[in-house]
Amino acid sequence: MELSEAIRKGSKLRPQSFGAHYGKTPDGSLGTCVLGAAHEGAGCITITTTADGMVQIEAHPEVPAFPLLDEYTDGPLPCGCDDVGTQIGAILVHLNDEHHWPRERIASWARHIERK
Ligand SMILES: [Zn+2]
C-alpha cells in the first residue's frame, strides 16, 4: 500500500493527535498522528483499547512499512519553513505537529511526492 493511501485509510479510523504516533486527543479518545495513521491504515500495527482503558499496540512486522519515509525530497517544504530538513518522514511529522495540517491534506502532499 502506498503511504498516501495508508494515511487516508488510517485517518478514518481515529481522530488526529499531535506529538506522538498515538496519543490522547482533547476529548480523551485515542488518536494517531500522520505516521500512526499510516501504520495503522496499512496494517503494520493493530491498536486495541482494553475495557479498563489500556492501549495495546501489536506490531505486524510482516507488513511492509514505508521506505519513502526515510528518503529525501529536493523541493521546498509545502508549509514554507526552511529549517526542518528534507527527510520525508520528518516533514510529515512537522506538518502534523507544528502546523496541525489535517492528515488528509498531508496525504495529498505525500501523494505528490510519490508521483515524482
Ligand atoms: Zn513548517
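Described in the following lines is the structure provided in the data block. Note that the coordinates shown come from a computational prediction; the quantities given were computed from them, not determined experimentally.

What follows concerns the packing of helix H3 (residues 88-97) against helix H4 (residues 103-114). Closest axis-to-axis distance for the H3/H4 pair is 10 Å, and the angle between their directions is 160°. When the axes of H3 and H4 are compared, the pair comes out roughly antiparallel. Where H3 crosses over H4, the handedness of that crossing is right-handed. Of the residues in H4, those touching H3 at Ile-88, Leu-92, Leu-95 and Asn-96 are Ile-106, Ala-110 and Ile-113. A per-class count over the contact of H3 with H4 returns 6 nonpolar, 1 polar and no charged.

With 22 residues, the main nonpolar core has Ile-7, Val-34, Ala-38, Leu-92, Ile-106 and Ala-110 as its most contacted residues. At the level of secondary structure, the elements contributing two or more residues to this core comprise helix H1 (3-11), helix H2 (34-42), H3 and H4. Domain assignment of the residues forming this core places at least three in each of domain 1 (3-59) and domain 2 (67-114). Contacts of Ile-7, omitting those with residues within four sequence positions, involve Val-34, Ala-37, Ala-38, Gly-41, Arg-103, Ile-106, Ala-107 and Ala-110.

Moving on, we come to the packing of H1 against H2. Two elements in contact, H1 and H2, have axes whose closest approach is 7 Å; the angle formed by their N-to-C orientations is 95°. Classified by the interaxial angle, the pair formed by H1 and H2 is roughly perpendicular. Of the residues in H2, those in contact with Leu-3, Ala-6, Ile-7, Lys-9, Gly-10 and Ser-11 of H1 are Val-34, Ala-37, Ala-38, Glu-40, Gly-41 and Ala-42. Among the residues forming the contact of H1 with H2, the class breakdown is 7 nonpolar, 3 polar and 2 charged.

Analysis parameters
Residues numbered from 1 in each chain as written. Predicted model: local features only at pLDDT ≥ 70, side-chain atom pairs only at ≥ 80, totals over all residues. Axes fitted to C-alpha atoms, helices over the stretch in contact; angles between N-to-C directions. Helix = DSSP H or I, 4+ residues; strand = E, 2+ residues; numbered from the N terminus. Parallel < 35°, antiparallel > 145°, perpendicular 65-115°, else oblique. Left-handed = near helix turned anticlockwise from the far one by under 90°. Contact = placed C-beta atoms within 7 Å. Nonpolar A, V, L, I, M, F, W, Y, C, P; charged D, E, K, R; others polar. Core = buried A, V, L, I, M, F, W, Y, C linked by C-beta atoms within 7 Å. Buried ≥ 20, exposed ≤ 12 C-beta atoms within 10 Å, placed from the backbone. Domains from an automatic or database assignment.

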